[in-house]
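A structural walkthrough
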Amino acid sequence: MSFCLIILAGGKSHRFKSNIGKPYQKIAGKSLIEINLIKARKFKEIKKIILVYNKKDSKRVKSLKFKNVTLIAGGKSRQQSAFNALKYLINQKGISKVLIHDVARPNFSTKLLSSIIRNMKNARAVVPKIKMQDAVKQLIGSSKEEYIVGRKRDNLFLTQTPQAFNLKEIYHLHKTNSKKYKDDDISLYMDLNNVKFLEGEKSNFKITDQSDFQNLRNIYRFYQNVGLGFDVHRLVPKRKLYLAGLRIKSKLGTLGHSDGDPVLHSVTDAILGACKMGDIGQMFSDRSKKFKNIRSTILLKKIIKQIKSKGYFINNIDINVITQTPKIKNYKNKMITNIANLCEISIDQINIKGKTTEKLGIIGKEKAIACEVICSVIKYD
């Protein structure tokens, strides 16, 4: 089966009350759009992704430069936005199924999405739902005489996204039955024969206002992992000095099997520790000739690629560079920028501090440079 994922991000976010719309709010440096994309890209069945955006966000969404994502302007309603994407998609070749998903539900699990995709083999549509557990009441009457009636919740449930459909059928229903559209796309189905309702997830809640977003932050904060990194290298003549991937002018350089960059080695070790993936020595043995004099930038890039494939993304990096010379303040901003580029994160997620040992010990005598790093990561699943 070949799926296209349609992510609906065309709303105005009125109830969110922020100058930045919900789709562009960030957790650990990733917007809600990106968190959804990260999870979707784990599935080989999803051959195409469409992002439906609000026209007022045109500059913002285009500046993000999403790879392999088709951008389509939304309409005045959710139904119109979904139909805009379907009209485009119906003329594309190779796609038979479609997943329609609200960007404001980034906390679905890959397990749920896998189940939705799998169940589409034998269904017209697949929709996750959860039971109503709170007491249900209905207000009846005019402003002069109103009263509350309790309602049984046995036959009531809440639907969630992603929802899966046969492309041709959902396109036809949007085209011919749009007046019956209520809240989501399954509402267009008058005949629920062979429509599969799966058990949804309470954690797959929709972000409507700031309190919802804070709840999501708290969830990811709970799942943060922290790692420590430390490295020290001797300073010797006739060696180059690299710090944070930058070539530093110096009469002395660091002694090491690779380029001897203590900053990137510590950053790499901290990331590996946070992701429970061992250490830099296990990954890149100093007994291997292929790593002789290799740039640490190459090693860090390899690790970033590996952790992303496992769903980990860096939240924060705090760095102490311990050296009597050179003075780190002269290079701090360039170091931050370089590490941010290597780790594919924002410069706001990195902090660097220069420390000395007050001329004490081997570092104080300018015979070595050390670095220590704390890194926190989040896993988007």
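Read on for an overview of the structure. (Residues numbered from 1 in each chain as written. Predicted model: local features only at pLDDT ≥ 70, side-chain atom pairs only at ≥ 80, totals over all residues. Heavy atoms only, no water.)

Things to note about the packing of aromatic side chains
Applicable threshold: In summary, the pairing rule links any two rings of Phe, Tyr or Trp, Trp by its six-membered ring, whose centres are within 6.5 Å, and it sorts them by plane angle into stacked for under 30 degrees, edge-to-face for over 60 and tilted for everything else. Runs of H or I in DSSP of at least four residues are treated as helices and runs of E of at least two as strands, each being numbered from the N terminus. Exposure is judged per residue with a 1.4 Å probe applied to protein chains only, and the accessible area is read against the type maximum: over 50% gives exposed, under 20% gives buried, and values in between give partly exposed.
Scanning all chains against the criterion turns up eight aromatic pairs. Each ring, one from Phe-157 and one from Phe-197, has its centre 5.5 Å from the other, and the planes form 65 degrees; the classification is edge-to-face. With Phe-157 in strand β10 (residues 157–159) and Phe-197 in strand β12 (residues 195–199), the pair connects residues that are 40 residues apart, well separated along the chain. By relative accessible area, which is 37% here, Phe-157 ends up partly exposed. You can call Phe-197 partly exposed: its relative accessible area is 26%. Aromatic side chains Phe-165 and Tyr-189 sit 5.7 Å apart centroid to centroid with 25 degrees between the ring planes, which places their arrangement in the stacked category.

A word on the side chain of Asn-320
As a reminder, the rule being used: Whether two residues are in contact is decided by their heavy atoms: any pair within 4.5 Å suffices.
In this fold, Asn-320 is placed in strand β17 (residues 312–322). Here Asn-320 falls in the buried class, since its relative accessible area comes to 15%. Non-local contacts of Asn-320, meaning those with residues more than four positions away in its chain, are made with Lys-353, Lys-355, Ala-370, Cys-371 and Glu-372.

Details of the environment of Glu-34
We count it as follows: Between N or O atoms, a polar contact is any pair within 3.5 Å; within protein, one atom must be a potential hydrogen donor and the other a potential acceptor, and residues adjacent in sequence are included only when both atoms are from side chains.
Looking at where Glu-34 falls in the secondary structure, it is placed in helix α1 (residues 32–40). Each C-alpha atom, one on Glu-34 and one on Leu-360, is 47 Å from the other, the two residues being 326 residues apart in sequence. Aside from chain neighbours lying at most four places away, what touches Glu-34 is Gly-29 and Phe-66. At a separation of 2.8 Å, a polar atom in the side chain of Glu-34 contacts the main-chain amide nitrogen of Ser-31.

Some details on the packing of helix α7 (residues 262–274) against helix α10 (residues 332–343)
Quick reminder of the rule: Axis definition: a line fit to C-alpha positions, over the contact stretch in the case of helices; interaxial angles, taken between N-to-C directions, run 0 to 180 degrees. Our angle categories are set so that under 35 degrees counts as roughly parallel, over 145 as roughly antiparallel, 65 to 115 as roughly perpendicular, and the remainder as oblique. Here a crossing is called left-handed whenever its near helix is offset anticlockwise from the far helix by less than a right angle, and right-handed whenever the offset is clockwise.
The geometry of α7 relative to α10 is characterised by a closest axis approach of 12 Å and an angle of 40 degrees between their N-to-C directions. By the criterion of interaxial angle, the relationship of α7 to α10 is oblique. Seen along the crossing, α7 lies across α10 with a hand that is right-handed. Between α7 and α10, the contacting residues are Val-263, Leu-264, Val-267 and Ile-271 on the first element and Ile-339, Leu-342 and Cys-343 on the second.

Re helix α3 (residues 78–89)
The cut-off we apply is this: In this scheme, a helix's expected span is set at 1.5 Å multiplied by one less than its residue total.
Its twelve residues place the ends of α3 17 Å apart at the C-alpha level, agreeing with the 16 Å of an ideal helix rising 1.5 Å per residue. Along α3, the residues that are buried comprise Gln-79, Ser-81, Ala-82, Phe-83, Ala-85, Leu-86 and Leu-89. Considering only its buried residues, α3 is in contact with β1 (3–9), β4 (46–53), β5 (70–73), β6 (97–102) and α5 (167–177).

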